[in-house]
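Here is how the chains run, residue by residue.
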Amino acid sequence: MKFRSTLRRSPEVSLRDAVFRGSAPDGGLYMPVEMPRLPAGFSSRLRSLSFPELAREVGALFVGDDVPPDALAEIVTGAFDFPVPLITLTERLHILELFHGPTLAFKDFGARFMARLMGHFVQETGKLLTVIVATSGDTGSAVAHAFLGVPGIRVVILYPAGRVSDAQEKQLTTLGQNITALEVAGSFDDCQRLAKQALVDPIVTQEIMITSANSINIARLIPQMFYYFGAFSQLRDPAIPVVFSVPSGNLGNLTAGLLAKRIGLPAAQFIVATNTNDVVPEFLRSGQLIPRASRHTLSNAMDVGNPSNFARLVDLYDNDLRAIRQDIWGCSFSDEETLRAMHDVNQRHHYTLDPHTAVGLLGWESFAKQNQAAAQGIVLATAHPAKFAETVARAIGIRPEMPERLAGLLKRPKQSIPFPNRFSALQEFLLSSKT
Ligand SMILES: *Cc1c(COP(=O)(O)O)cnc(C)c1O
């Protein structure tokens, strides 16, 4: 399988190169050169497949010969060792819980698959890969958890001393194994500057293999297709047309769903549900994407004013607005509406939504009201309510309980290396500890 840039001004590359580069040299994002198709009959077989089994079949279409079947099997079994349940609230409304991974959010799917795929490619070279990440809190722990225990890779996290919350610091500093946390005497911007410099420093890049594992990596998108199939496999009546409602920010989740449809997922339509950062619903109305500064909302992981995967979305449809509008229906919601939805669903169904999933649920309700067609909705639940405990408490009056596996982490002792805000120190650290 070959990958090309959305801007089409860079050479086609192998999966391996696409994964290590992140984005293409021309600044575009990698997409498959040719769209594969699932074999006829795959949908009817879906029911009998476990999640890792279907992940293997769908994944094989995109990794081609770059990853042998046995290695792919190992990657998906290692990455997806948690359940992906479909919860039925009413006959026509289901919630796909994507938050049972280690960081309690759907980003575990993309990050864990990418980590193991990189691990596979690195092991072929016999070298050690350094993944460097600067963080102000959450991204660092998601990356660290994803790479935890992956052979051939070490993660170096830079975080600003005294400027992350206690819970965040615990998540960054208690993992151990192949994860090292540097507690930098400086700000988040200083951490980011140090990490960026390391990625381009001639001495560092000459001596060690180093990457940033960023969020637009194609290796994150591929595994996000799997759970759309996973949802289908659990439906009681797959003959009723299915509409997916996707709470969206950078559009990774939505783009993966559209890719899944392109290769054969029998989905009728997709809802792109946003908070007041509504540039995508606005694009569906006007035909123009007008980026703007992001606004702060309760569903803050979706506070995006210029979605990074938008280029992939329009590329998938060859910029054909009519075709895009056929597949995607857009809507946006305020914080007040979000809180009310959390409250109402708790009252009606005794089910607790996090604020992001609540936006997705509002999307489905709004769609169902305006489109009378007989369909069933699947709302993607992107985060565990315990991750947004304050907001949940505000909406329903009860604080959700922290799952045991996270609570345990918070009890462990912090292990970090106090570090000066100086590149020469970082350079020395990276080179001296390269095995
Ligand atoms: C990242 C994130 C989103 C948005 O997903 P995109 O793929 O960026 O559109 C939604 N909900 C949660 C909880 C997230 O962390």
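(A) The arrangement of the packing of helix α6 (residues 138-147) against helix α7 (residues 166-173) in detail. In the contact formed by α6 and α7, the axes pass within 9 Å of each other and the chain directions differ by 25°. Considering the angle they form, α6 stands roughly parallel to α7. The interaxial crossing formed by α6 with α7 has left-handed handedness. Where α6 approaches α7, its residues D138, G140, S141 and H145 are matched on the opposing element by Q168, Q171 and L172.

(B) Focus on the packing of aromatic side chains. Tallied over the full model, the rule gives 18 aromatic pairs. Ring centres of F51 and F109 lie 6.0 Å apart, and the angle between their planes is 65°; on these two criteria the pair is classed as edge-to-face. Highlighted residues: F51 in helix α3 (residues 51-63) and F109 in helix α5 (residues 107-125), separated in sequence by 58 residues. You'll find F51 and F109 in the same group, each marked buried. For the ring pair F113 and F226, a centre distance of 5.9 Å and an interplane angle of 80° mean the geometry is edge-to-face. Of this pair, F113 sits in helix α5 while F226 sits in helix α10 (residues 218-233), placing them 113 residues apart in sequence. In this pair, the class of F113 matches that of F226, namely buried. Members of the aromatic cluster, connected to one another through ring pairs, are F51, F80, F82, F109, F113, F226, Y227, Y228, F244 and F270.

(C) Representation of the sheet that holds strand β7 (residues 153-160). Taken in spatial order, the five strands of this open sheet run β9-β6-β7-β8-β14, and their pairing is parallel. Whereas interior strands pair on both sides, the edge strands pair on one side only; in this sheet they are β9 (209-211) and β14 (417-419). Neighbouring strand axes in the sheet, compared pairwise and without regard to direction, differ in orientation by 25° on average. The pairing of strand β6 (residues 129-134) with β9 spans three bridges and is classified as parallel. Considered in β9, the bridge of T130 is made with I210. Contacts between helix α8 (residues 188-200) and the sheet are confined to β6, β7, β8 (179-184) and β9, with β6 contributing the most and set at about 155° to the helix.

(D) Geometry of α6. Counting buried residues along α6, eight of its 10 residues qualify, which places the element largely inside the surrounding structure. Regarding α6, the residues found buried are G140, S141, A142, V143, A144, H145, A146 and F147. One or two residues past the end of α6 sits G149, with phi positive at roughly 80°.

(E) Examining the sheet that holds strand β10 (residues 242-247) more closely. The six strands are arranged β4-β5-β13-β10-β11-β12 in an open sheet whose pairing can be described as mixed. The open sheet is flanked by β4 (86-90) and β12 (328-332), the only strands paired with a single partner. Each strand of the sheet is rotated relative to its neighbour by a mean of 25°, with strand direction disregarded. Direction of pairing for β10 relative to strand β13 (residues 376-381): parallel, over a ladder of four bridges. Directly across from V243, in β13, lies its bridge partner G377. The sheet contacts of helix α11 (residues 252-263) involve β10, β11 (269-274), β12 and β13, and relative to β11 the element is tilted by about 175°. Along the sheet face, helix α12 (residues 279-286) touches β11 and β12 and points at about 125° away from the line of β12.

(F) Here's a closer look at the site of the ligand. Taken together, the neighbourhood of the ligand is formed by 14 residues, with K107, G249, N250, L251 and T382 sitting nearest. Contacts to the ligand include G249, whose backbone N or O atom sits 2.8 Å from an oxygen atom. T382 places a side-chain nitrogen or oxygen 2.8 Å from a nitrogen atom of the ligand. Surface burial for the ligand is 94%, taken as the share of its 380 Å² of free accessible area covered by protein chains. Residues that form the shell around the ligand fall into these classes: six nonpolar, seven polar and one charged.

(G) Molecular detail of the pairing of β10. For β10, a buried count of six out of six residues is recorded, marking the element as mostly surrounded by other parts of the structure. Pairing geometry for β10 and β11, over five bridges, is parallel. The residue bridging F244 from the neighbouring strand is F270, located in β11.

Criteria and thresholds
Residues numbered from 1 in each chain as written. Predicted model: local features only at pLDDT ≥ 70, side-chain atom pairs only at ≥ 80, totals over all residues. Heavy atoms only, no water. Axes fitted to C-alpha atoms, helices over the stretch in contact; angles between N-to-C directions. Helix = DSSP H or I, 4+ residues; strand = E, 2+ residues; numbered from the N terminus. Parallel < 35°, antiparallel > 145°, perpendicular 65-115°, else oblique. Left-handed = near helix turned anticlockwise from the far one by under 90°. Contact = heavy atoms within 4.5 Å. Phe/Tyr/Trp six-rings, centres within 6.5 Å; stacked < 30°, edge-to-face > 60°. Buried < 20%, exposed > 50% of the residue type's maximum accessible area, 1.4 Å probe, protein only. Pairing = 2+ DSSP bridges. Near = heavy atom within 4 Å. Polar contact = N/O pair within 3.5 Å; in protein donor to acceptor, adjacent residues only side chain to side chain. Areas by Shrake-Rupley, 256 points an atom, 1.4 Å probe, with all protein chains shown as cover. Nonpolar A, V, L, I, M, F, W, Y, C, P; charged D, E, K, R; others polar.

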